[in-house]
Each structure stands twice: as C-alpha cells, then as structure tokens.
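Working through the structure, step by step
Each chain is listed here by its residues.
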Amino acid sequence: MSTIDLPHQDDQQGRTPAPVVDNYLTYTRGIKSWIFTLDHKRIGVMYMVSVLVSFLVGGTFAILLRTELLPPGKTIVGADMYNQFFTLHGAIMVFLVIIPSIPAALGNFVLPIMLGAKDVAFPRLNLFSYWLWIAGAICAVVSLLMGGFDTGWTFYTPYSTTTETGGVIAVVTGVFILGFSSIFTGMNFIVTIHKLRPPGMTWFRMPLFLWSIYATAMIQVLATPVLAITLLLLIIERTLNIGVFNPSMGGDPVLFQHFFWFYSHPAVYIMILPAMGIISDVIAVHSHRHIFGYTFIAFSSIAIAVFSFLVWGHHMFTSGQSPLMNTIFSLITFSVSIPSAIKVFNWLATLYKGSISLNTAMLYGLSFIFLFTIGGLTGLHLGTLNTDIHLHDTYFVVAHFHYVMMGSALIAMIAGLHHWWPKMTGRMYSEFWGRIGCLLVFIGFNVTFFTQFMLGSQGMPRRYYDYLPEYQVYHVISTIGSYVMALGFVLTAVYLLASIMFGRRAPANPWGGRSLEWQCTSPPPHDNFKTTPRVGNCYDFSAVVWDEKQQGYVVDRSLDPTLNEPADKA
Amino acid sequence: MNRVIAPAMFLFCGASAAFASGGNTPRTFWMPEGASTIAPSIDHVFDMINWVCYFFFALVVIIMFWFMWKYRQRGRIVDAQGPTHNMALELTWTIIPIFIVAAMFFVGFKGFLNIVTPPENSYEIDVVAQKWAWEFKYPNGATSEDLYVPAGQPVKLIMSSRDVLHSLYIKDFRVKQDVIPGRYSYLWFQANEPTLNDDFHWLFCTEYCGFGHSNMNRKVYVLPEDDFAEWVVEQGQWLDKILDEDLYFKAGPKLFVRCVQCHSLDGTPGIGPSWGDHAGQGNIWERTVSGETVFDDGTKLSSLIGPGKAYETPEDYLRTSMLNPGKHLVQGYGNAMAVQALNDRAVDALIGMMKRIDEFDANGKWLKESELVDQEQQ
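This one's a predicted model, so the numbers in the text were calculated from it and none came from an experiment.

Quick word on the domain arrangement of chain B
Interface size is commonly expressed as the accessible surface area that is lost when the partners come together. Residues and elements named next belong to chain B. The domain boundaries assigned to chain B delineate domain 1 (2-73 + 84-116), domain 2 (123-239) and domain 3 (244-377). The centre of domain 1, based on its C-alpha atoms, is set 32 Å off from the matching centre of domain 2. The interface is formed by 17 residues belonging to domain 1 together with 12 residues belonging to domain 2. For the pairing of domain 1 and domain 2, the buried interface totals around 1200 Å² over both sides, and the portion due to carbon and sulfur atoms is 50%. In this structure, Arg174 and Asp43 form a salt bridge, with 2.7 Å as the shortest nitrogen-oxygen distance. Secondary structure elements with two or more residues in the side of domain 1 that touches domain 2: α2 (39-70) and α3 (87-116).

Considerations on the state of the cysteines
Residue and element names in this part refer to chain B. Tallied over the full model, the rule gives zero disulfides over all chains. Counting only cysteine sulfurs, Cys209 is the nearest neighbor of Cys205, a cysteine outside any disulfide, at a range of 4.0 Å. For Cys205, a relative accessible area of 0% gives the class buried.

Structural notes on the environment of B:Asp316
Position of B:Asp316 among the secondary structure elements: in helix α7 (residues 314-323). For the pair B:Asp316 and B:Asp361, spaced 45 residues apart in sequence, the C-alpha to C-alpha distance is 26 Å.

Quick look at the interface of chain A and chain B
Taken together, the contact between chain A and chain B spans 93 residues of the former and 85 residues of the latter. Here chain A and chain B share an interface that buries about 7800 Å² over both sides, 68% of which is from carbon and sulfur atoms. Where chain A touches chain B, the interface holds three salt bridges. Taking the shortest distance from any N to any O, the salt bridge between A:Glu470 and B:Arg27 comes out at 3.5 Å. There are 24 residue pairs in polar contact (both at pLDDT 80 or more) connecting chain A and chain B. For the side of chain A that touches chain B, a count of residues per class yields 49 nonpolar, 33 polar and 11 charged.

Let's talk about the pairing of strand β1 (residues 123-130) of chain B
Residues and elements named next belong to chain B. Burial of β1 is extensive: six of the eight residues sit out of reach of the surface. Direction of pairing for β1 relative to strand β5 (residues 155-161): parallel, over a ladder of seven bridges. Residue pairing in the sheet places Val127 in a bridge with Met159 of β5. Where β1 meets strand β2 (residues 133-137), five bridges bridge the pair, whose relative direction is antiparallel. In the sheet register, Asp126 faces β2, and the bridge partner there is Lys137. Between β1 and β2, which pair antiparallel in sequence order, lie two residues.

The rules behind the values
- Along every chain, residues carry numbers that run from 1 in the direction the sequence is written.
- To label them, take the chains in the order written and letter them from A, then take the ligands in the order written and number them from 1.
- For a predicted model such as this one, the threshold for reporting local features is a pLDDT of at least 70, and the threshold for listing and counting side-chain atom pairs is 80 or more; totals across whole chains, interfaces and linings nevertheless cover every residue.
- Heavy atoms from the whole structure form the basis of all side-chain values; hydrogens and water molecules are not counted.
- Note that the domain bounds reflect an automated or database-derived domain assignment.
- By the convention used here, residues are in contact when the closest approach between their heavy atoms is within 4.5 Å.
- The quantity reported as buried area is the accessible area (1.4 Å probe) lost by two parts once they are put together, taken as the sum for both.
- Just to be clear on terms, a salt bridge is a Lys or Arg side-chain nitrogen sitting within 4 Å of an Asp or Glu carboxyl oxygen.
- Elements are defined by DSSP. Helices are runs of H or I of four residues or more, strands are runs of E of two residues or more, and each kind is numbered from the N terminus.
- The disulfide criterion is simple: two cysteine sulfur atoms within 2.5 Å.
- Buried means the residue's accessible area, taken with a 1.4 Å probe over protein chains only, is under 20% of the maximum for its type, while exposed means over 50%, and partly exposed covers the values in between.
- A 3.5 Å cut-off defines polar contacts: any pair of N or O atoms within that distance qualifies, except that in protein one atom must be a possible hydrogen donor and the other a possible acceptor, and neighbouring residues in sequence count only when both atoms are side-chain atoms.
- Gly falls in the polar group here, along with every residue not listed as nonpolar (Ala, Val, Leu, Ile, Met, Phe, Trp, Tyr, Cys, Pro) or charged (Asp, Glu, Lys, Arg).
- At least two DSSP bridges between two strands are required for those strands to pair.

Rendered as structure tokens:
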C-alpha cells in the first residue's frame, strides 16, 4: 500500500470539490440500477417518462384525427384507418396516460415524501406494477402488429367480438394487465397512507393530495377487478364462442355495457380525483395561504368516490335500459355535482386574501378551475334525462368529457408536473416560456373543444369519419385549435427538457410550500429523510420564510405552533 | 302562493303545451330545427340549463379573475392570512346547488316520460338495422330505405338489429334509441309539419358500428296524411308493377342501392368482392358460370355447381349467396354481409342485373335508358 496520499484531482486544479449531496438520481448508477430500483422516486420518474411518451403517441393520433376531419370525406386516411386511429387515441389516452398519470407517476414520487417515509409500504410490488404497465403497453403494440383494433376504447359487444381486425384479443389482454398494475398501485397507496404516516400527521392533517390519492386508490382496488372479469369474458366469447354478450349465441350486449361502465364510470373519478388533489395543493401553496374549507374538500373526495359507484347507468340512457333505471341513475348522477361544486367554491375562497404568485403551475391550476367549471356544468345537460336523449353519442359528449378528462385531469397533471418539476429534477424551468406554453394550451384547448359543444348540440354524432357539409365550419375551427394546443405542448416539452440541461439549480422549496416534500433537498436524497420528521399543519404557512441566500423558501420549524405541541396531543 | 308557483311551473313544465300547437322551431345557435312535438320542450329544458350554466360560469370566472388581480403577490408575502373555513358559507354553497339540480332532474324526468310513452294510436313502423343500412317496413308490407312518416300522427318505430349495435337518431325530432340485436327497442315521435319540395330531416346512426358507420345516414320524409296513405300503397306494389322483362334494369338499380356500400361495379375491392372484374376471374356472372371463384378454404366454385352437386345452376348459387351470405366466403373476404330479406322477384332482378352488368355504369345507372326512350317514342 502506498504511503503517499495523492491530492484530489479537483484540488490540484484549484477548484473546491462540490459538497457531496446524496441525491436519488446519482445514488446508484447504471441502467440496472433503474430497471431493478425499489426507490419510489425512480419508479415515479419511470412512470412519468412512460406516460409522457404515451401522451405523445396518443396526441399524435388526435392531431391525425383532427386533420382527417378538416373537410368531409377522405383527407389523409380511409374509414378503416380512421376507426383504428380514434380507437387508439381513446385507449392510449385513457388506459396508458390519464389513469396512471397522476397516481402512478406523480403520486409515486410525492406520496411517500409527503408522509416523511422512506418509501411506499411495498416497494417490490410498486416496481412490479410498473413492469406490469410496460407489459400492458407491449400488448397494445403487439395488437397493432396483429392487425390493430377498431372497436372504440369502450369495446362494445357484439362489435368487438365479431370485428375482423386481428388485434382485439391482444389489446384487451393489455388492458387486463394494466388493470392489475392499477390495482397494485392503489393497494400500495392505501396501506402506505394507513401505516406510514409520520407522528403528528392525523388524517385531517394530511395534505389534500393524499386524501384524493386515498379516495382514488379505493376506487382502483374496488372497481378495476370488474373490468378485469368483463374483459376476460370478452376474450372467452371471442376465442371459445361462449355466448355471454353476443345475442346470436344467447348473450346480452347490454350486459357488457353495465359491466364496462361499472368500472369505467368510477375510472373517470380515478382520473379526476387526484387532479382535484393536485389543484387543492397547488392553489394553496401558490396563494401562500391556508386552504379554505379543508374538511369539506377532504370529505367531498370521499363522497365523490362513493357516488362514483352508483351512477354508471347514465352512460346508457338510450341503450335500451328500462326507463325506471334511467330515472334512478339520473337522480343519483346529479348528486355527484354537489361535492364537485363544493370543491370549486372552496378553491375560489382559497384565492380570497391570498398572495397569489402567477407561476406556470398556478396558471395551470387556475386554468383547471376554468375548464373544470365548463366540464362540470355541461355534465348537467347530460345528466338531465330528456336533453341527454338528444345529446347522447354526439360531439357534445365528446366536448364534455374532454373538458373533464383532458381540460381538467390532464391539465392538473401538467400543473403538478410544473409544481414538482424542481423537486424531481433539481432544476428550474423558464417561467416565461412556461407561461407562454400554458396560454397556448389554454387557448388551443378551448378553441378545439368548446366548438364541439355546438357541433354536438346541432346533432353531429361522434366517431364519424364522414359528415354533412353543414358541420364543416365547426370542424375547421376545432382543428385549428388542436394545432395551437399541440404547439403549446411541444413548447412545453422543449423548455422542460432544456431546463434539465441549462436550468438553474432548484432550491429545496421554490414555491413556499409547507408539506414535507419541500423540506428535503431538490432532488431528494435516496432515503428522503434521515429520521422520520414530526409534522404540523401542512397548510399553516406562518413557518415559511423567504431565504435570500438560497433564492427559495425555508420552513422554520420553530415558528410552527403545531410542531411544538406535546406528542400525545397529536 | 299560486301566483308564485304558476309562472314557475310554466317555466319548468308548461313549455311543451305552449309550443305544441305551433309549427317547426327554427335552427338556433345551439339547437337544430325542431320538427317534432317534443322538440320544443327539450329545447326549453336545454335553454334553462344553459342559463344556470351561464350564471355559475360567470360567477366562478369573474370571482377568479377578480381575486387573481386583487390578491396578486406583491413583494414576498409568504403567509397571507385568509380565513380557513366558514361553515355557514360552505353549507350555503352545498345546499343551494342541491335545490337547483333537484329541479333540473325533475324537469328532465317529466320530459323523459313524454319521450318514452308512445300514444296508443301510434302508427307502427318496423325498423331493421344492419351494417350499414336501414330497412323500414310498413304495416302493409311495403319497405323503404329512407323513412317516410305521416304528418300529424304519432309514429312508433319498433327496432331491431341484424348484427351489431346501432342507434337511430333524428336530430330534428330530438329522438334517439339504440337498436340492439336479439331484442326490440322502440321510440316514438310526432311531426306535424310535412317536409315539402324534397326537403327532409336527417336520420343518423349514433352507435359506432364500423366501416360504414358515418354513411349510415338516411332521409326522413314527413308526408301529409293523404299523400302518405297513397305513398305506402304504391311502395307496397312497386316491384309487382314492373314487367318481368324490365325487372333487371328497373328494379335492379333500386335494389342495388343496398349492396353498393360493400360491392363496387367497376372492379374496386370493397368490404365484399366487386361485381365487376375480381382478381382477373371476370365479373360476377362470368366467374360464377366458369366456376373460377375461389373460396376461403381454397376450393373453387366449380366444385359446387353442376348436376348432382350442391347447386344445379349458377343462379342457385347466387340466390344462396344473397339469402345466406355466410355459407360460402370468397377468398380474402370475411363474413361481413347481412342476410338479405329479398322476395323472389327482387332476387330475379338482381341476378338479371348481374347477367347484364355491362349495361350499367360504375354507379349502377342503366346505360341504355336512351334506347328505351327511343323505343317508347316509336
């Protein structure tokens, strides 16, 4: 062994070595350290990358669809191709993008840190659920190689069991697998929230994002198995010709719709509930003030989760379901509007007397309120029985659910992505380009989809390749809007990617947040926290102070009264 | 008390009575022309909901922008002291919407009862949907591709599908109902204003059914009651009135309308094999007579036609192909064709057309029309 200590390379050149900061991105290196990682943060990042790639693919199909619809008749593809495109657009956006986007991607990253935990309760199950997601996605790709599928994302029978396209079984298998990915994530989160909350964090001191993730996880665990068995029955019918849904073999096609919507209506809340959770936190943090009406918001999440199981029949008002059932489902459907309205009013009240910084994340949050209000209110036309008869399966429905699923769920995801981006990557993005991108997306979105309300109420059915000339003006406006929106998303991708390379280093707490994820470094260390921290009220901002040196906020724990109360009280 | 309730009741429920006596309502910003007796009441509920929406949307957005401006961050205020909750306020915005949506449910429900309750004296028309055509059958046995209904009389459609789900939607009537294989569904409407001068209402399929879904639209003609009675008698006999020798060119093209979605005449492959030249085997009649047609199991048609075989004559094979299309599948084509309800004369007409396929253009128009006119003039 040499007795001479060689001076460190950096010191030789006169530079001081950077402080060794533990960081989940650099903790271990190599491709294997990602593939087999049990770190919830890395799994969250892998989910995020996968979801965004899927979003790019689904979005490309959307642009192709809008381009095809510019004039009536054939533009770029034939009817067969068009039918496959809208099916792919729907299936990718629902099963690969929106359902996993917030819970699996953002939730995975943020949830354990918010709890001050080192990881989720079952890290291996977490990794398994990610690879199940990948397996499901591969099945979807395989189905394309086998001839694709043109069933619509709803797989309505008997069309789906008789169509000539060869990829139906493969994609249905994929969705079946994705369902298990979703169930495992949900189960993991339920256990994590129950068992790993830190001292001081009672149920009613949880960040509202956790309440919404909890409500979502309940739906994932309880509803998804119904989809799984339904899809299995569909596969059995298609391969073994056992008549379950096809009347020519003694089955009942309306039964499929009941089964399908028994999952897929709650699935709408799997998409929107975590979005509402993000908005609750984004609005409070960027307004720098306590959320208004915490209890009402928390309970409205649970109420929405419960009601979500009781309203599936409102997708079937014209399906041949009995008028009595229609009446009951219409009545229960209206009950969902109440907790949704409560949330909107509470968010507005949170702005009152706040100190609102109009960051990109906040602009997306405010866009959410605007778009969700339209999406929610137009649900009233569809919940009302006699107007729904006219509007069902027209573009009015298309516009409505895009306002809710994209304008709300996905915009909230983008809000959350910007909110937690500095935490995930350790870099700040350009606020200027962020605001421009948000504006483009917001304007593009409204031009695209508000037009479709008129298109639908004027009677244009959905899933139409060809249409009457009287509808063309609406289609042209809608398509132009979609191009503007696409431009906004491309810009967003550019400045976010640029921030990784050129962005300024993010402080631990760039926005003035109070919950635990803002109290570890950006990006967080591998173990998140060395010891489980005690927490107080995560919406009490009195302990947050601006630190000029760090160019960020810090939480001065000595200032928080709730942190200093005796342990037995909490 | 009544003075308050009565106008409110009119607003919510009385609209249909107020409009029912009038004619069609014109197209508005939101709604297409209203041409049935229930359309005005639906439009009225739609408008009512719209106004609720305008109000709440304006409320939310104005408050949002106002707060955004008034409470924008000035300096580095990091702990704004706003109220954290207000039970009275929160209960207010919980309870008031309950009453509003309850009222909405009620008016929707009341209107819905009208939609699902056909009057007892309704004129019944049977509807059969299949990929991608509608067939309307009238009580006297007449059938049509477009829908003809009498004005001023309730009409009830009794609908079923031969293959997958379809949905019958007439936007100007505001009615829609899924058409399901293996069961009968119904809808009813009453149109008071006849459609004059070749005017019509559109009928759409609104349940996705594959390739031809967006072309499954047909026309709805509302005829004055007397004209309708005349039309339906005429329609019931149109095939019988044609002389046998004229069948192939008079009835053929009319019947071919239901085939053209899948079978071209110029050799272009479609959902089904073209009636023109297919894979160099000749047109439909040539390849049937020669037996050149290849089936999906690789066998040739020639093994089926001839004395002692499955079919005595080529005509027998063609007849079976129309009435039981799934029995033999031409190579490269799936079992996509629905069973055709054709009587013997209709089958005769179509086979006659196949035999003289050269006399028709690519659109199924008979090319010797002028010769016929010449003959008649002589």
